[in-house]
Amino acid sequence: MMRWFLAGLCAVGVTACSATSSPERAQLIDQARNAPDRADSLPPQNLPDGQCGIFLFGMGDRHPFVVFENDRAGRALILHQGVIHELGVTPQPGAFVQGERFRRVYLDQASNLVFTLTGEVGEETGSGPRLENVLLRTRAIDGSETVRPLGGVYSCRDGSNRTAPGRL
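Attention in this report is confined to the structure presented alongside it. (Residues numbered from 1 in each chain as written. Predicted model: local features only at pLDDT ≥ 70, side-chain atom pairs only at ≥ 80, totals over all residues. Heavy atoms only, no water.)

As for the overall build of the protein chain
Check the secondary structure of the protein chain and you find 1 helix and 8 strands. Element order for the protein chain, N to C, with α for helix and β for strand: α-β-β-β-β-β-β-β-β. Put simply, the protein chain has 168 residues, and 34% of those count as buried. Of the contacts formed within the protein chain by residues at least 6 apart in sequence, a portion of 44% connects residues at least 24 apart. Put simply, the protein chain shows about 10,800 Å² of open surface, and 54% of that area lies on carbon and sulfur atoms. (Helix = DSSP H or I, 4+ residues; strand = E, 2+ residues; numbered from the N terminus. Buried < 20%, exposed > 50% of the residue type's maximum accessible area, 1.4 Å probe, protein only. Contact = heavy atoms within 4.5 Å. Areas by Shrake-Rupley, 256 points an atom, 1.4 Å probe, with all protein chains shown as cover.)

Okay, here's the thing in structure tokens:
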């Protein structure tokens, strides 16, 4: 008798939960359907003539494009956990000189994430100075932090040289 009573009570509880959460469930399903696909890499980026940018790629087999910054345009894109964060960039001091360290800090107010790039400027390549020993630290509001090693270049598009690299 007790078993039937508990089974009936559970059935009523499940039905009540389903009825009350139906609008919320429908909203969650709509959000999931309309959510942007998770990105594996940033799309290719172009630099206008006379501008410079940071192009950083993940380490490993696929080398996904993870960070792009064009400080003159005041824009940075960072791929973090499948989401592309578009951020404003304030002018940051320091030139990219071989042997020097660099540091960049970006704040995404919408997600409360702080992205910090640190690394060293290496030797000149055909595309610009190599950026080495780069770490992308992503800190959440709760203090948790992820660290991702990256590598890439600081490249400038010279308006007088149409063959200069400007798209990576």
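Things to note about the pairing of strand β6 (residues 113-125)
Taken together, the 8 bridges between strand β5 (residues 101-108) and β6 define a ladder with antiparallel strand orientation. In the strand pairing of β6, Val-105 is matched with Thr-116. Where β5 hands over to β6, the hairpin turn is made up of 4 residues, of which Asn-112 adopts a positive phi near 60°. Bridging between β6 and strand β7 (residues 128-139) involves 9 bridges; their strand directions are antiparallel. For Leu-117, the partnering residue across the bridge sits in β7 and is Leu-136. Between β6 and the antiparallel strand that follows it, β7, lie 2 residues. (Pairing = 2+ DSSP bridges.)

Points about the sheet that holds β6
With antiparallel pairing, 8 strands are arranged side by side in an open sheet as β4-β3-β2-β1-β8-β7-β6-β5. Here the strands that pair on one side only, and so sit at the sheet edges, are β4 (83-88) and β5. Strand-to-strand twist in this sheet, taken as the mean axis angle between neighbours without regard to direction, amounts to 25°. Examined bridge by bridge, strand β1 (residues 52-58) and strand β2 (residues 65-70) share 4 bridges and lie antiparallel to one another. The residue of β2 that forms the bridge with Phe-55 is Phe-68. (Axes fitted to C-alpha atoms, helices over the stretch in contact; angles between N-to-C directions.)

A few points about the packing of aromatic side chains
Within this structure, the stated rule accounts for 5 aromatic pairs. The interplanar angle of 25° and the centroid separation of 4.9 Å between the aromatic rings of Phe-57 and Phe-65 together place this pair among those described as stacked. Phe-65 sits in the buried class, given a relative accessible area of 4%. Both rings, one in Phe-96 and one in Tyr-154, keep their centres 4.1 Å apart while their planes meet at 20°; by these two values the pair is stacked. In this pair, Phe-96 sits in the loop between β4 and β5 while Tyr-154 sits in strand β8 (residues 145-156), placing the two residues 58 residues apart along the sequence. Pairwise contacts between aromatic rings join Phe-55, Phe-57, Phe-65 and Phe-68 into one cluster. (Phe/Tyr/Trp six-rings, centres within 6.5 Å; stacked < 30°, edge-to-face > 60°.)

Re the side chain of Arg-104
Note that Arg-104 resides in strand β5. In terms of polar contacts, Arg-104 uses its side chain to reach the side chain of Glu-69, at 3.1 Å. (Polar contact = N/O pair within 3.5 Å; in protein donor to acceptor, adjacent residues only side chain to side chain.)

Thoughts on the pattern of salt bridges
Throughout the structure, instances matching the rule amount to 7 salt bridges. Ionic pairing is found between Glu-120 and Arg-101, a salt bridge with its closest N-O pair at 3.2 Å. On the criterion of sequence distance, the pair formed by Glu-120 in strand β6 and Arg-101 in strand β5 is long-range, its members being 19 residues apart. The partner of Glu-132 in a salt bridge is Arg-130, and the shortest N-O contact between them spans 3.7 Å. Residue Arg-130 is classed as partly exposed on the basis of its relative accessible area, which comes to 34%. (Salt bridge = Lys/Arg side-chain N within 4 Å of Asp/Glu carboxyl O.)

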